[in-house]
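Here is how the chains run, residue by residue.
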Amino acid sequence: MGVTSDRVEYVCRYGGNGTTTSGVNVSIAAEVTMEIHSVCLPPKESTFQKLKHRLSEIFFPDDPLYRFKDQTWCKKLVLGLQFLFPILQWGSHYDLNLFKSDVVSGLTIASLAIPQGISYAQLANLPPIIGLYSSFVPPLMYSLQGSSRHVAVGPVSIASLVMGTMLSEKVSPVQHPTLYLKLAFTATFFAGLFQASLGFLRLGLVIDFLSKATLVGFMAGAAIIVSLQQLKGLLGIVHFTTKMQLIPVLTSVFHHTKEWSWETIVMGFSFLLLLLTTRHISMKKPKLFWISAAAPLTSVILSTLLVFLIKSKVHGISIIGHLQKGLNPTSTNMLYFNGQYLALAIKTGIVTGILSLTEGIAVGRTFASLKNYQVDGNKEMMAIGLMNMASSCTSCYVTTGSFSRSAVNYNAGAQTAVSNIVLAGTVLVTLLFLMPLFYYTPNVILVAIIITAVIGLIDYKAAYKLWKVDKLDFLACICSFFGVLFISVPLGLGIAVGVSVVKILLHVTRPNTLVLGNIPATQIYQSLNRYKEASRVPSFLILAIESPIYFANSTYLQERLLRWVQEEEERIKANHESTLKCIIIDMTSVTAIDTSGIDMVCELKKMLEKRSLVLVLVNPVGSVMEKMHRSNFLGTNSLFLTVGEAVADISASWKPQP
């Protein structure tokens, strides 16, 4: 059937045995009229229109400008401000009931955020006070620009670990503390710049390369590394390896058994058991979430009192010591924009930026789905990015939405981003008035808090599900896991991303092809392997391609299709069936084609014609149809709308003429 506007009708006459003269099964023994539909070209568009449409589909699938249509300039200005600052959108509807809920949730997450902030700063090899600074400014910034109602912002374990690992490989935080601090702030600035750029340019597809499978393995490996690193504080070891791999860490633990402190061990494991127990209770009974939320701060208070009371008798327990009171000092003058370590700061910023962005967006979308509202991914990128850029100038390091704190925030009944403002206010009071109270806080309690938090990142159920559902996803997960454990955290992540890219390339370069058969009494054609009732149509080989046809897979597809033809001819010969006459390719799933793909189809057509076989294409999509039409290689009877129409029309043409 050619590309015309005419409709061709013909009559198939069936015999009493329910079979056409070509052998196609039918459900009735009667005269049936089938209408053959033409395959139409898409509406004509200029090159500029096509480019505009394509770019719009790639970068603006959500159509962010729809709300500005048919609005006055004044209204557009208001909508623009609301778009940039979502707080202006819901702030006008804010009331006392919402405020009560947000105050409760804000105070609840503050009880978790304060000890976690101090702990995660140490995980990044930064002074503990930096963790508290990072729990004050970023939540305020996010509350103005973030689109999620439930995300609780602050330092997170994975980004802290990666920053600490990457920076300490080149610069010692002990020998060069000032330089290390400068690099941490600079890395935070570049993380924010990278994140905001992705949001502004609408390039969120970059973080899509961090698949769920990759993150499951990465987080599990990182959680184990973090936990093992904490053995230094949990056992009271003074001299410990700076390496993050599994073997060096375990070697260091057992090579320094003489430094183990029994007082530290007893206190550390006691509070670790308490924290794990409260976490288990909250997981079993979600309504008791407040138990695990309050446990870290409670542990800090109890352990601090205990050390204060027995300080004269116990000297083996290290304490935090003096923490400076006051608000975040400016750190603009500490940003490091030239020198030999600038590349290190940029690389660290990009890696931690990607990880924190992935976690933040995942957290926002998770809780938005539970409350049936939408989180704009690109706006979140901009909000998190601008937040981190501002944070780098106020003595903060990389922050994002935290899984643990956001879960507590959600369960505590948070209604809006005001809970982050309450969190920041609580941290402000702590910074101004309560810092001396942390003087006797033992470092081992911070270790216990870190271990308890990161254990939740080991999701063995998700790994088992990956094994059951997709072995390649499981491979990516395992590569990420062992890469982190035995090589390094950044390289482990890189390996996992590499495996994910290889998986994509496999799908593109080695697409699936299958043989279709007719389901009796219908015009439906499905896979012969999948549907046992489907039957082959005599003299036809019906194939389906389930991918775009590009230069990367065109050669493979040509070879695979010819192999299908060869196998079909051998099967026909062995079973003494009707001679193969026509090859039908169902192109319903071929969403795109390039010049290499068109050349492949042309070459395939010529090769089949030399073997006296007809090639027919079925249901190409608009863009594919347009390119093939322009190539001028298709004959007048090479295109059909459905497989059923192709079989019927070609079968009729084989009938002897009266």
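Residues numbered from 1 in each chain as written. Predicted model: local features only at pLDDT ≥ 70, side-chain atom pairs only at ≥ 80, totals over all residues. Heavy atoms only, no water.

Asker: Would you mind showing me how to read the overall build of the protein chain here?
Answerer: Helices and strands together make up the secondary structure of the protein chain, namely 25 helices and 10 strands. Counting over 658 residues, the protein chain shows a buried share of 50%. Taking as baseline every contact in the protein chain between residues at least 6 positions apart, the subset at least 24 positions apart corresponds to 78%. Summing over all exposed atoms, the protein chain offers an accessible surface of approximately 31900 Å²; the carbon and sulfur share of this is 62%. In the protein chain, which carries 52 positive and 37 negative side-chain charges, the distance between the mean positions of the two groups comes to 11 Å. (Helix = DSSP H or I, 4+ residues; strand = E, 2+ residues; numbered from the N terminus. Buried < 20%, exposed > 50% of the residue type's maximum accessible area, 1.4 Å probe, protein only. Contact = heavy atoms within 4.5 Å. Areas by Shrake-Rupley, 256 points an atom, 1.4 Å probe, with all protein chains shown as cover. Lys, Arg positive; Asp, Glu negative; His and termini not counted. Charge placed at Lys NZ, Arg CZ, Asp CG, Glu CD.)

Asker: Can you walk me through helix α11 (residues 246–255) in this structure?
Answerer: Think of an α-helix as turning once every 3.6 residues; residues three or four places apart then point the same way. For α11, the full list of buried residues reads Leu246, Val249, Ser252 and Val253. Each buried residue of α11 sits inside an arc of 140° when the element is viewed along its axis, so together they form one side. Seen from the buried face of α11, the exposed residues on the opposite side, beyond 90 degrees, are Ile247, Phe254 and His255. Along its buried surface, α11 packs onto α9 (212–229), α10 (231–235) and α20 (471–486). (Arc of directions from axis to C-beta.)

Asker: Is there a simple way to explain the nonpolar core in this structure?
Answerer: Taken as a class, soluble globular proteins show a tendency for nonpolar side chains to be buried jointly. If you look at the biggest cluster of nonpolar residues, it comprises 114 residues, and the most contacted ones within it are Leu126 and Phe218. The greatest single-element share of this core, amounting to 11 residues, is contributed by helix α8 (residues 177–200). Residue contacts for phenylalanine 218: discarding those within four places in its chain leaves Ile158, Val162, Leu355, Ser480, Phe481, Val484, Val489 and Leu493. (Core = buried A, V, L, I, M, F, W, Y, C linked by side-chain atoms within 4.5 Å.)

Asker: How do you make sense of a nonpolar patch on the surface when you look at a structure like this?
Answerer: A cluster of nonpolar side chains, Leu77, Leu81, Leu84, Phe85, Leu88 and Leu144, forms an exposed patch at the surface whose accessible area comes to about 520 Å². A per-element tally of the nonpolar patch places helix α2 (residues 73–84) first, with 3 residues. Checked against the element boundaries, leucine 84 lands in helix α2. Using a relative accessible area of 45% as the deciding quantity, one classes leucine 84 as partly exposed. (Patch = residues over 30% accessible without salt bridge, like charges linked within 9 Å, V, L, I, M, F, W, Y side chains within 5 Å. Salt bridge = Lys/Arg side-chain N within 4 Å of Asp/Glu carboxyl O.)

Asker: Explain the sheet that holds strand β10 (residues 639–640) here, please?
Answerer: Two pairing modes exist for strands in a sheet, parallel and antiparallel, and in both the strands are linked by backbone hydrogen bonds. Here 6 strands make up an open sheet; going across it, the order is β6-β5-β7-β8-β9-β10 and the pairing mixed. Strand pairing shows two members of the sheet lacking a second neighbour, β6 (525–527) and β10, which therefore form its edges. Note: strand β7 (residues 540–545) against strand β8 (residues 582–586), 5 bridges, orientation parallel. Across the sheet, the residue bridging to alanine 544 is aspartate 586, located in β8. Most of the contacts of helix α25 (residues 643–653) go to β7, to which it runs at about 155°, and overall it touches β6, β7, β8, β9 (614–618) and β10. (Pairing = 2+ DSSP bridges. Axes fitted to C-alpha atoms, helices over the stretch in contact; angles between N-to-C directions.)

Asker: I'm lost on the packing of aromatic side chains in this one. Help?
Answerer: Given two aromatic rings, their pairing is described by the distance between the two centres and the angle made by the two planes. The final tally for this structure, using the stated rule, is 10 aromatic pairs. Between phenylalanine 189 and phenylalanine 337, the aromatic rings sit 5.4 Å apart at their centres with planes inclined by 70°, giving edge-to-face as the arrangement. With phenylalanine 189 in helix α8 and phenylalanine 337 in the loop between α13 (289–309) and α14 (342–370), this pair connects stretches of sequence that are 148 residues apart. Judged by its relative accessible area of 17%, phenylalanine 189 falls in the buried class. Taking relative accessible area as the criterion, phenylalanine 337 reaches 41% and is therefore assigned partly exposed. Seen from their ring centres, phenylalanine 308 and tyrosine 440 are 5.3 Å apart, and the 70° between their planes marks the pair as edge-to-face. One end of the pair, phenylalanine 308, is in helix α13; the other, tyrosine 440, is in the loop between α17 (418–434) and α18 (443–455), with 132 residues separating them in the sequence. Given the relative accessible area of 40%, phenylalanine 308 is considered partly exposed. An aromatic cluster of at least three residues, connected via ring pairs, comprises Phe189, Phe190 and Phe337. Above the ring of tryptophan 564, the side-chain terminus of arginine 560 is found at 4.1 Å from the ring centroid. Over the face of the ring belonging to tryptophan 654 we find lysine 581, whose NZ or CZ atom lies 4.8 Å from the ring centre. (Phe/Tyr/Trp six-rings, centres within 6.5 Å; stacked < 30°, edge-to-face > 60°. Lys NZ or Arg CZ within 6 Å of the ring centre and 35° of its normal.)

Asker: For this particular structure, what's the right way to read the UniProt feature "transmembrane region" (unreviewed entry) in the protein chain?
Answerer: UniProt's entry tags residues 179–201, 213–240, 260–276, 288–310, 341–363, 417–438, 444–462 and 474–502 with the feature "transmembrane region" (unreviewed entry), counted in the numbering of this structure. This span, residues 341–363, is 96% helix and 0% strand, and a straight line between its end C-alpha atoms measures 33 Å. (UniProt positions renumbered as here; feature names shortened; annotations may be inferred.)

Asker: Would you mind showing me how to read the pattern of salt bridges here?
Answerer: Side chains carrying opposite charge are able to pair once their charged atoms draw close together. Per the stated rule, a full pass over the model turns up 9 salt bridges. As a salt-bridge pair, aspartate 470 and lysine 503 come within 3.3 Å of each other at their nearest N and O atoms. Residue aspartate 470 is found in the loop between α19 (460–469) and α20, and its partner lysine 503 is found in helix α21 (residues 489–509); the two are separated by 33 residues along the sequence. Given the relative accessible area of 24%, aspartate 470 is considered partly exposed. Two residues, glutamate 568 and arginine 536, come together in a salt bridge whose shortest N-O distance is 2.7 Å. Separated by 32 residues along the polypeptide, glutamate 568 in helix α22 (residues 554–575) and arginine 536 in the loop between β6 and β7 bring together distant segments of the chain. In this structure glutamate 568 comes out as buried when scored by relative accessible area, which is 5%. Through salt bridges that share partners, Arg536, Glu568, Arg571 and Glu577 make up one connected network.

Asker: Please explain the side chain of serine 395 as it appears in this structure.
Answerer: One can find serine 395 in the loop between α15 (377–392) and β4 (400–401). Judged by relative accessible area, which is 5%, serine 395 ranks as buried. Separated by 2.6 Å, the side chain of serine 395 and the backbone oxygen of proline 329 make a polar contact. Contacts of serine 395, omitting those with residues within four sequence positions, involve Ile130, Tyr133, Phe185, Pro329, Thr330 and Ser331. (Polar contact = N/O pair within 3.5 Å; in protein donor to acceptor, adjacent residues only side chain to side chain.)

Asker: Looking at this structure, how should I read unusual backbone geometry?
Answerer: Apart from glycine, the bulk of residues carry a negative phi angle, and the bulk of peptide bonds sit in the trans form. Positive phi values are uncommon outside glycine, yet serine 539 reaches one of about 75°. Assignment of secondary structure puts serine 539 in the loop between β6 and β7. Judged by relative accessible area, serine 539 falls into the buried class, the value being 10%. For histidine 576, which is not glycine, the phi torsion reads 55° and is therefore positive.

Asker: I would appreciate a short explanation of the packing of helix α7 (residues 157–168) against α9 in the present structure.
Answerer: Working note: a packed helix pair is described by the angle between its axes plus the distance between those axes. For the pair α7 and α9, interaxial distance at closest approach is 10 Å and the crossing angle is 65°. In this view, α7 runs roughly perpendicular relative to α9, as classed from their interaxial angle. Of the two elements, α7 crosses α9, and the hand of that crossing is left-handed. Contact residues: α7 offers Ile158, Leu161 and Val162, while α9 offers Phe218, Met219, Ala222 and Val226. Class assignment for the residues of the contact of α7 with α9 results in 7 nonpolar, no polar and no charged. (Parallel < 35°, antiparallel > 145°, perpendicular 65-115°, else oblique. Left-handed = near helix turned anticlockwise from the far one by under 90°. Nonpolar A, V, L, I, M, F, W, Y, C, P; charged D, E, K, R; others polar.)

Asker: When you look at the pairing of β7 in this model, what are you seeing that I'm missing?
Answerer: A regular strand carries its side chains on alternate faces of the sheet. Buried residues dominate β7, accounting for 6 of its 6 residues. By the alternation rule, side chains of β7 split into Phe540, Ile542 and Ala544 and Leu541, Leu543 and Ile545, which are all buried. Crossover connection from β7 via α22 to parallel β8: handedness right-handed. (Right-handed = clockwise from strand over helix to strand, strands pointing away.)

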